[in-house]
Amino acid sequence: MIDLHLHTKASDGTLSLEELVKRAEKAGLKAIAITDHDTVKAARRIKELETSIEVIPGIEISVYDNKLDYIDLHVLGLFIDPENAKLLSTLERLEKEREEQKKAIVGKLNELGYEITYEDARKYAEGQIGRPHIARALMEKYPQEFRSISEAFDKLLDQSKPAFRSRTAFFGLKDAIDVIHEAGGVAILCHPGFCRYKTEKLLKDFKALGGDGIETIYDYEHNSGWREITDNEGINKEMKGWAGKLGLLESGGSDYHGPNKGAELGVFDVPDELLDRIRKHL
Ligand code: AMP
Ligand code: ZN
Ligand code: FE
Ligand code: FE
């Protein structure tokens, strides 16, 4: 069993790299990938680890492509070189854009009458700040109104909700694929079953722009929050079909963010042969 989509404290997970790897060992996973949002801070430290399992450096890059109109798509880079200069300079830029976006979201919340500050959200983040940290600040200040992170997304923070602000700077789908390739990795479109776009067009665009694969084994049920998805098997089967049709690699992971958030590590079963095929492709 493997798991190719995991978050640490460097983004919006709650475990450190070391804690996550220990848990993965205990859960009997043979290989895992560290895929934080827009940062390789934890991935860069993989080489210092003492562990018997394979730990693959990765990244999950957010796309804000207002030309193709793909807003907040996530692209996974697996087997990237986390020291790649082009990757690091790109991430430095994205980090600033991410921060500006989160500040704009806090500003919008203030306009809507929610009195939280950027620092309130910052408190919950050790690395990259994300909307889940803003959600926690809302839960702290307004516990009656927001009893969970999902509730804050449902009412305010999701892309279709009143406090969402997009990023002002352009970062296209092709930019994400290219920088992952430049860093020696494979580019995988994340959780295609969550995307609000027409699946066929999105996957064909992704392939045409040089994308290598898609997640065909993803734990939608435990990551859907308020969206109430209960059909992992159905969605994943559909995506597997598309991967076959379009000649895309398959990847899979739980998108684990830490204990008490979704499913426990090692429960969601991703077969080893997916990794063998990705490695052959590389
Ligand atoms: P951001 O980095 O600010 O774009 O936030 C993205 C992260 O928010 C995702 O990776 C999820 O961890 C989390 N997220 C997105 N939608 C929801 C939701 N409906 N409920 C709970 N968490 C969510
Ligand atoms: Zn996340
Ligand atoms: Fe994601
Ligand atoms: Fe993720």
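Criteria and cut-off values
Residues numbered from 1 in each chain as written. Chains lettered and ligands numbered in written order. Predicted model: local features only at pLDDT ≥ 70, side-chain atom pairs only at ≥ 80, totals over all residues. Heavy atoms only, no water. Helix = DSSP H or I, 4+ residues; strand = E, 2+ residues; numbered from the N terminus. Expected span 1.5 Å × (residues − 1). Buried < 20%, exposed > 50% of the residue type's maximum accessible area, 1.4 Å probe, protein only. Contact = heavy atoms within 4.5 Å. Polar contact = N/O pair within 3.5 Å; in protein donor to acceptor, adjacent residues only side chain to side chain. Axes fitted to C-alpha atoms, helices over the stretch in contact; angles between N-to-C directions. Parallel < 35°, antiparallel > 145°, perpendicular 65-115°, else oblique. Left-handed = near helix turned anticlockwise from the far one by under 90°. Nonpolar A, V, L, I, M, F, W, Y, C, P; charged D, E, K, R; others polar. Donors = N, O, S within 2.8 Å, 3.2 Å for Na, K, Ca; no water.

**Q** How should helix α2 (residues 85–111) be read in this particular structure?
**A** Spacing of three or four residues puts side chains on the same side of an α-helix, whose turn is 3.6 residues. For α2, which comprises 27 residues, the first-to-last C-alpha distance of 40 Å matches the rise-based estimate of 39 Å (1.5 Å per residue) to within 8%. Turning to α2, its buried residues number three or more, namely Leu87, Thr90, Leu91, Leu94, Glu97, Arg98, Gln101, Lys102, Ile105, Val106, Lys108 and Leu109. Buried-residue contacts for α2 involve β3 (54–65), α3 (118–122), α4 (131–141), α5 (149–157) and α6 (173–182). N-cap assignment for α2: the residue whose side-chain oxygen lies 3.1 Å from the backbone N of Lys86 is Asn84.

**Q** Looking at this model, I keep getting lost on the packing of helix α7 (residues 199–208) against helix α9 (residues 232–246). Mind explaining?
**A** Angle between the axes and distance between the axes: these two values describe a pair of packed helices. Viewed as axis vectors pointing N to C, α7 and α9 meet at an angle of 45°, and their least axial separation amounts to 11 Å. Classified by the interaxial angle, the pair formed by α7 and α9 is oblique. Pair α7 / α9 crosses with right-handed handedness. Along the contact surface, α7 presents Thr199, Glu200, Leu203, Lys204 and Lys207, while α9 presents Glu238, Met239, Trp242 and Leu246. Considered class by class, the residues forming the contact of α7 with α9 number four nonpolar, one polar and four charged.

**Q** Is there a simple way to think about the coordination of the iron ion (ligand 3) in this case?
**A** Angles at a metal have ideal values that depend on geometry: 109.5 degrees with four tetrahedral donors, 90 or 180 degrees with six octahedral donors. Surrounding the iron ion (ligand 3) are the protein donor atoms Glu60 (OE), His74 (ND1) and His191 (NE2), which sit 2.0 to 2.2 Å from the metal. Considered as a linear motif, the donors of the iron ion (ligand 3) on their single chain read E-x13-H-x116-H. A distance of 5.7 Å spans the gap from the iron ion (ligand 3) to the zinc ion (ligand 2). Pair noted here: Glu60 is in strand β3 and His191 is in the loop between β5 (186–189) and α7, with a separation of 131 residues, a long-range link. As far as burial versus exposure is concerned, Glu60 and His191 are alike and both buried.

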